[in-house]
Amino acid sequence: MDSILNLAANTQEHRVVVGVAIAVPLRRVFHYLVPADYAIEPQAGMRVKVPFGKSTKIGIITECLSVAQWEETSKLAASTHAANIDNQASSHSAALLKQPGEQQSLLANPPAVAALKTLLSIIDSSPLLPDSLLQLYFWLEKYYHAPPGEIWQTLLPVALQKGQPAESPRESRWCITPQGEAALQQNRLAKNAVKQRLALDSLSQHADGIAHEQLQQHQLSLATMKSLAGKNWVIRRFQQVSDNNQNHHRGSVIHSHNQLDLNAQQAAAVSQINQSLNQFKSFLLFGITASGKTEVYLQVIEKVLASGKQALVLVPEIGLTPQTLSRFQLRFNAEILLLHSAMTDQQRLQNWLKARSGQASIIIGTRSAVFTPLKHPGIIILDEEHDLSFRQQQGFRYSARDVALVRASIENIPVVLGSASPSLETLMNVHKGKIEAIHLTQKAKATNELNYRIIDLKKQAIQQGLSIELIQLIKQHLNQQGQILLFLNRRGYAPVLLCHDCGWSGSCSRCDIHFTYHHQNHFLQCHHCGSSRKAPAQCPDCYSEQMVPVGHGTERLQESIRQLFPQAKTARIDRDTTRRKSAMQEFVTAVKSGEIDILIGTQMLAKGHHFPDVTLVALIDMDGALYSADFRAPEFAAQLITQVSGRAGRANKPGEVIIQTHLAEHPMLHQIIFEGYASFADAALAERIETELPPFSYSAMFQAESPHLNATQKFLDDVKEILLRYQNLNVELLGPAPAIYTKKAGKFRYQLYLQTTSRNQLHQLLALTLNDIEALKSASKVRWRVELDPMGDY
DNA sequence: AGCACGCCGACT
DNA sequence: GTCGGCGTGCTC
């Protein structure tokens, strides 16, 4: 009590102005006064309810100031707006944090104290997030130049954004009362009360009652329960889900089962990582397929758990999480939980809380799980680090890999990136000494060598998209009872449906790209915006009935294979066939049990799944990847080849990898096949140095879209004009230019690319200009964003 | 992003 | 006469 009185009396020192991040796309926080003598001392990281415009919103406190401090900053901001910004943001994601800090946000127009509104309430009695995550938030704000509200929207579970209390919910169960039991025995129910009788019956069979969430599964409705409760025949009992078992494993022995023997390289990797368990250090576990990376993770994690700490494991896709989960569960008896986007808001909140309280020992999740708070952080593991799904492509765009590196440095824990085909960014950091590479070059399990063969389509007769040579090989492997994987990164039947007589071809009016023809239900679909329509039987222009599908997608490939090998059992795995939740798992089981002879699929298939009986893998069409204008195309192609090759020959059967292309002489193909990914990557890095392309230069991209073409151009022209005011900064501007896909879902898309060799100057330029850019009149007429370290395909 | 204010077309 | 279209402007 005393302390509260003291603070209230000493208002000058008392921090009564809070900066609040609110979910609006504005690059600033809003400031509010704390009511006098408010019971809760405001702290950064607490949620607050505030009046905002004519409504009220929930926001998060990012800074707390005294009135004096506030007046000082507003004076400062007014006089030195847009001047004197010190060295912003750190040099590279792997670099150590610079003073992450509580620096106050720069304001263009700070209101006077008298003009500040007063907050309505402080929701949390303590900060939602540990200090390390607050620091991470400040880093994100500076590095990505994103609006604070948007960052919080990705940092916090939706349930918390909506204001739900940050505590485990009370579990409730419906139980029958003695009166209810008696009523049931004495048959005191009305004749027509069928449902009530049913309910009492079920409840009397469940001594512990039925959980509220499970009423439906027991065919019981809430209305029935309520009317029974009115008669006192049933009661809803609440109990707090126990938090007492927090850290139940701490100090106790972690049981681990099924440990595998390590080969010398794996053992060395484990001990190398184990040596840095109590400090920040980044590792690249560069291991060829089947070299046993996962076993290394498991043994390192075991050590982490044994010291009472938690492990955060990030994987690229939800499809891979059940698989990873079961492998972990077989090994540890500690609490392991999942965190991914397919879960309900309540499930996510529960798991988030369990991670924060330390109750869960291992957290496995997709990219957004990189923000999960941990009570006792021990290690971050990010598997398949090259995978593009670690980049968030909606809303606030970040790279979970880069964030993981920064987070590990803040938490002062090790981070392990794993891959058989690491990104050039990561390899550059290895060369710079920021990341320590650990190589696993031996296979952990005995497997036969792979035979690679490039089939040059130029010199081949092609039958339904397949070369005669490949058809022969498929026949051969089928005869030898080998399974076959065919990759084609194009779903649907054919990429174009064309009128043979007049040349009409269907294209999406909203996106300006061809409709893909889907044969099964005879419809045309735009693979950009998803819109679809019935495929015309007659040409809409000339009424000819000669509508021909041109090109091959997975659907057509499956049809061809069925015609060529009618006796073989085929399965197709792509977005169209795996829409159902359990579909993917069913396919995987079918393939593993040997029910499937030939598996046809898109890139979905390249990730993670182990099919031990596969002996032949073929990439049906590498042309697209090799001809692409994107300078990163060879890197992606090399990663794809490496990943796909990993699917073949993992058991005791010889494996073959076939690549079909018209560009058979492409040097990258030969390098990757005959010298391996590492050698390819060295050459590619040398080339990027020479051409000053990323990762040897740093980039940002302004992207704008609008239904009006000239609005997007006007905005980006204005942006360029503002950027050009700082020509002392060494940042090159390219554009504005149309995006690769100029039109999507009825909106025109343009972009302005910034490139520089000085990351610092790039950050300075953005920090100096974004306020003005945001205030542009033309900005309000388009949707726009700025993306750091963009990766092509916009 | 919301949300209100504002100034012009077809409806009871 | 007004319901409502979405352009414009603002949010501590």
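The rules behind each value
- Residues numbered from 1 in each chain as written.
- Chains lettered and ligands numbered in written order.
- Predicted model: local features only at pLDDT ≥ 70, side-chain atom pairs only at ≥ 80, totals over all residues.
- Heavy atoms only, no water.
- Helix = DSSP H or I, 4+ residues; strand = E, 2+ residues; numbered from the N terminus.
- Rg over C-alpha atoms; globule rule 2.2 N^0.38 Å.
- Buried < 20%, exposed > 50% of the residue type's maximum accessible area, 1.4 Å probe, protein only.
- Contact = heavy atoms within 4.5 Å.
- Lys, Arg positive; Asp, Glu negative; His and termini not counted.
- Charge placed at Lys NZ, Arg CZ, Asp CG, Glu CD.
- Near = heavy atom within 4 Å.
- UniProt positions renumbered as here; feature names shortened; annotations may be inferred.
- Arc of directions from axis to C-beta.
- Pairing = 2+ DSSP bridges.
- Axes fitted to C-alpha atoms, helices over the stretch in contact; angles between N-to-C directions.
- Polar contact = N/O pair within 3.5 Å; in protein donor to acceptor, adjacent residues only side chain to side chain.
- Nonpolar A, V, L, I, M, F, W, Y, C, P; charged D, E, K, R; others polar.
- Domains from an automatic or database assignment.
- Buried area = accessible area lost by both parts, 1.4 Å probe.
- Salt bridge = Lys/Arg side-chain N within 4 Å of Asp/Glu carboxyl O.

J.: Can you walk me through the overall build of chain A in this structure?
T.: When you go through chain A residue by residue, the secondary structure sums to 23 helices and 33 strands. Over its C-alpha atoms chain A spans a radius of gyration of 30 Å, differing by no more than 12% from the 28 Å that the globule rule assigns to 794 residues. With the C-alpha coordinates of chain A rotated into their principal frame, the extents come out at 90 × 90 × 70 Å. Residues counted as buried form 52% of the 794 residues belonging to chain A. Once local pairs closer than 6 in sequence are excluded, the contacts in chain A between residues at least 24 apart make up 76%. Distance from the positive charge centre (78 side chains) to the negative charge centre (70 side chains) of chain A: 7 Å.

J.: Please clarify how the protein's contact with DNA strand B should be interpreted in this entry.
T.: Inspection of the region around DNA strand B gives V24, P25 and K54 as its neighbouring residues. Take the atoms of DNA strand B that sit within 4 Å of the protein: sugar and phosphate atoms are 42% of them.

J.: It is not clear to me how the UniProt feature "binding site: Zn(2+) 1" (unreviewed entry) in chain A should be interpreted in this structure. Could you clarify?
T.: In this structure's numbering, the residues bearing the UniProt feature "binding site: Zn(2+) 1" (unreviewed entry) are C499, C502, C539 and C542. Sequence-wise these annotated residues cover 44 residues; spatially they are packed, their C-alpha atoms never more than 8.6 Å apart. The topology assignment puts C499 in strand β21 (residues 496–499). C499 sits in the buried class, given a relative accessible area of 1%.

J.: Please explain helix α4 (residues 148–155) as it appears in this structure.
T.: Residue pairs spaced three or four apart in an α-helix point in one direction, given the helix's 3.6 residues per turn. Turning to α4, its buried residues are P148, G149, I151, W152 and L155. Projection of α4 onto a plane perpendicular to its axis shows the buried side chains occupying an angular sector of 160°, all on one side. Of the surrounding elements, those touching the buried residues of α4 are β1 (15–22), β4 (55–66), α3 (131–144), α5 (158–161) and α12 (345–357).

J.: Teacher, can you tell me more about the sheet that holds strand β32 (residues 747–756) here?
T.: The strands making up a sheet are joined through hydrogen bonds of the backbone, oriented either antiparallel or parallel. Taken in spatial order, the 4 strands line up as β31-β32-β30-β33 in an open sheet, and their pairing is antiparallel. Of all the strands in the sheet, the pair left with one neighbour each is β31 (732–744) and β33 (783–788). Across this sheet, the average inter-strand angle for adjacent strands is 20°, counted without regard to direction. One ladder, built from 7 bridges, connects β31 with β32; its direction is antiparallel. Bridge pairing in β32 places E732 opposite Q755. Against the sheet, helix α22 (residues 709–723) contacts β30 (698–706), β31, β32 and β33, and its axis sits at roughly 20° relative to β32.

J.: It is not clear to me how the protein's contact with DNA strand C should be interpreted in this structure. Could you clarify?
T.: Neighbouring DNA strand C are 14 residues; H31, Y32, F52, G53 and K117 lie closest to it. Close to the protein, within 4 Å, the atoms of DNA strand C belong to sugar or phosphate groups at a rate of 48%. Within the backbone of H31, a nitrogen or oxygen atom sits 2.8 Å from a sugar or linking oxygen of DNA strand C. Among the elements that take part in the surface near DNA strand C, strand β2 (residues 30–33) stands out by supplying 3 residues, more than any other. Residues belonging to the surface near DNA strand C are distributed by class as follows: 7 nonpolar, 3 polar and 4 charged.

J.: Got a minute to help me understand the domain arrangement of chain A in this structure?
T.: Note: interface size is frequently given as the accessible area lost on complex formation between the parts. Parsing chain A into structural domains produces domain 1 (2–161), domain 2 (170–240), domain 3 (256–440), domain 4 (451–494 + 551–684) and domain 5 (698–788). Once you take the C-alpha centre of each, domain 3 and domain 5 turn out to be 35 Å apart. If you look at the interface, domain 3 gives 4 residues, while domain 5 gives 4 residues. Three residues, R391, R397 and K432, lead the burial of domain 3 against domain 5; their summed loss comes to 84% of the area buried on that side. One can count 1 salt bridge joining domain 3 with domain 5.

J.: Explanation requested: the pairing of β1 in the structure shown.
T.: Residues in a regular strand point their side chains to alternate faces of the sheet. Among the 8 residues in β1, 7 count as buried, and that is most of the element. Pairing between β1 and β4: 7 bridges, direction antiparallel. Note that in β4 the partner of A21 across the bridge is I60. Where β1 lies against β2, 4 bridges are found, and the strand directions are antiparallel. From the neighbouring strand, G19 faces β2, where its bridge partner is H31.

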